[in-house]
Each structure stands twice: as structure tokens, then as C-alpha cells.
Amino acid sequence: MNISSTHRSGTTDCVWKASVLLLLETTRSVYGDETNRNECFGIDLRPSSAFVRQEVLGATRCLTLRRDERVLGFCLIKKKGSSNATYVTLIVSFEQGAGRRLITHIANDPNELTRFVAVRSTDRAVGFYLRMGFTLFDYLSLDAYVASSDIELTDRLQEALAASATCNLKKIRQTLVARNWIDVEFTEWPLLLRRGLSNDA
């Protein structure tokens, strides 16, 4: 298995967009909801969706994990303002362990000049990120300078997930909104990992 890196600046916009849209098409064909093939785990992956136009196609780098020529997973990375965090806009795993390998690569890549890795996680994937060592953080600071995260609130999130306590998840999300860490319409979990500290186990 190897991880290759493609930078947007190294290709034309047309080639970049076509390669990213091909990865999204593969994702939709593998994970698309039975009633809505464009939605994968609650994420609208239509090329016309705001998420795809702003976050996915706005990415500046794509990491692809392959075995021979077969794509096992990929992630798209975007630089946000003057942030000290590498922002992963989308990560997709087609084989167990691929997501972990990609996150571990980003967290330990000596060519990355940021202190943190930041993601927005769906409810379905948040447990994966917590096991990797991510903690809740102020997402609205991502464009400027990421200063801190909250380990205690992250522990409460882990406990709520373990107990399947939906009401506690809502309370934690309300806390994030009250702190002005996320907007009220934000439906994902803002998570941060200090580079070099991923849990590889």
C-alpha cells in the first residue's frame, strides 16, 4: 500500500475537478443511500451541493491510498485562512483501516507545517476520530488561529456515544453553540488532533 499526494497547483483546474468528481462518483456508488444515491452517511455529495462546491472542490490537496492501482481510500485537504491547522474536508475509506492510515499519515507528515489536523465529523464517524485522539474545538477559529480544544467536553461526548444518549449529544452540541464554537445550523462535530499525537492502535 502506498499514499500518493496530488496538489491542486500541480494540475489544471479542469483536471483537478475531474479527478475529484471521479472519486466522489466512486464514493456515491459504494456508499450512496438506497433512496438517495447522492447522500452518503448524511453528507450530500452531489457536485452541485454547497459542501462539494465549497469544501471538496475547494480543497488544495488530495491524498490517495492505493494497493497496486486500486483506491482503498482518499482524503481532501484545504488550507483555511492563516490557520495553524490542516483541514481535512472529506475522508473516505473503501477498506477497513484506510481512514486510519490516511489520518496517521497527515498527523505525522514532516512536510505539513501546521500544528493540528482539523475535521468535521458526522455522528456516524465521530467515534472513529475520538479513538484516533481528536478532541472538540472551536471550529469558528479555524480560519484564523486554532488555540485550544476541550478534553473534558470530549470525554462527555465519548460517554454519550457509549451510552447512546441522544439527549446528552444534543446538550453537548448546545454547549458548543453557546461557546460560539459552531453555528446553530452546524450538524457535525468539530474535532482537532495535535500533529504527531495520533493514536495508531
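Residues numbered from 1 in each chain as written. Predicted model: local features only at pLDDT ≥ 70, side-chain atom pairs only at ≥ 80, totals over all residues. Heavy atoms only, no water.

Novice: Which residues make up the nonpolar core, and what are the values?
Specialist: With 42 residues, the main nonpolar core has F134, W189 and L191 as its most contacted residues. Ignoring any residue separated from it by four or fewer positions in sequence, one finds F134 in contact with I103, V117, V119, Y129, T154, L191, L192 and L193. If you look at the next biggest cluster of nonpolar residues, it comprises 18 residues, including W16, C40, L57 and C62. (Core = buried A, V, L, I, M, F, W, Y, C linked by side-chain atoms within 4.5 Å. Buried < 20%, exposed > 50% of the residue type's maximum accessible area, 1.4 Å probe, protein only. Contact = heavy atoms within 4.5 Å.)

Novice: Describe the pattern of salt bridges, and please don't skip the residues or the numbers.
Specialist: Taken as a whole and judged by the stated rule, the model has 10 salt bridges. Among the salt bridges present, the one from R28 reaches E25, with a minimum N-O distance of 2.5 Å. Remark: E25 and R28 occur in helix α1 (residues 13-31); sequence separation between them is three residues, near one turn of the helix. Residue classification places R28 among the buried positions, given a relative accessible area of 7%. With a relative accessible area of 31%, E25 lands in the partly exposed category. The salt bridge involving D109 is made with R61; its shortest N-O contact spans 3.3 Å. Linking D109 in the loop between α3 (98-108) and β7 (116-121) with R61 in strand β4 (residues 61-67), this pair joins segments that are 48 residues apart in sequence. Residue D109 is classed as buried on the basis of its relative accessible area of 7%. The network of salt bridges with shared partners includes E55, K78, R120 and E188. (Salt bridge = Lys/Arg side-chain N within 4 Å of Asp/Glu carboxyl O. Helix = DSSP H or I, 4+ residues; strand = E, 2+ residues; numbered from the N terminus.)

Novice: Please provide a residue-by-residue account of the packing of aromatic side chains, values included.
Specialist: For the structure on display, the rule yields seven aromatic pairs. Taking the centre distance of 5.0 Å and the plane angle of 70° together, the rings of F128 and Y129 count as edge-to-face. According to the relative accessible area criterion, F128 is partly exposed, its value standing at 21%. Relative to F134, the ring of Y129 lies with its centre 5.2 Å away and its plane at 80°, an arrangement referred to as edge-to-face. A network of ring pairs unites the aromatic residues Y87, F137, Y139 and F186 as a single cluster. R173 extends its terminal NZ or CZ atom over the ring of W189, reaching a point 4.0 Å from the ring centre. Lying over the aromatic face of W181, R179 brings its terminal NZ or CZ to 4.9 Å of the ring centre. (Phe/Tyr/Trp six-rings, centres within 6.5 Å; stacked < 30°, edge-to-face > 60°. Lys NZ or Arg CZ within 6 Å of the ring centre and 35° of its normal.)

Novice: So, α1: which residues are in play, and what are the values?
Specialist: The α-helix winds at 3.6 residues per turn, so residues separated by three or four positions along the chain end up facing the same way. Compared with the 27 Å implied by 1.5 Å per residue over 19 residues, the 26 Å span of α1 between its first and last C-alpha is a close match. For α1, the complete set of buried residues consists of W16, V20, L23, L24, T27 and R28. What you see down the axis of α1 is that its buried residues fit within an arc of 140°, all on one side. Along α1, the residues that are exposed and aim more than 90 degrees away from the buried face are C14, L22 and S29. Residues of α1 that are buried in the fold lie against β1 (2-7), β2 (39-40), α2 (50-56), β4, β5 (70-79) and β6 (85-93). (Expected span 1.5 Å × (residues − 1). Arc of directions from axis to C-beta.)

Novice: Break down the pairing of β7 for me, citing the residues and quoting the values.
Specialist: Most of β7 is tucked away: five of the six residues are buried. Note that β6 and β7 share four bridges and pair parallel. The partner of Y87 across the bridge, within β7, is A118. The parallel pair β6 and β7, bridged by α3, forms a crossover whose chirality is right-handed. Bridging between β7 and strand β10 (residues 189-194) involves six bridges; their strand directions are antiparallel. Paired with S121 across the bridge in β10 is W189. (Pairing = 2+ DSSP bridges. Right-handed = clockwise from strand over helix to strand, strands pointing away.)

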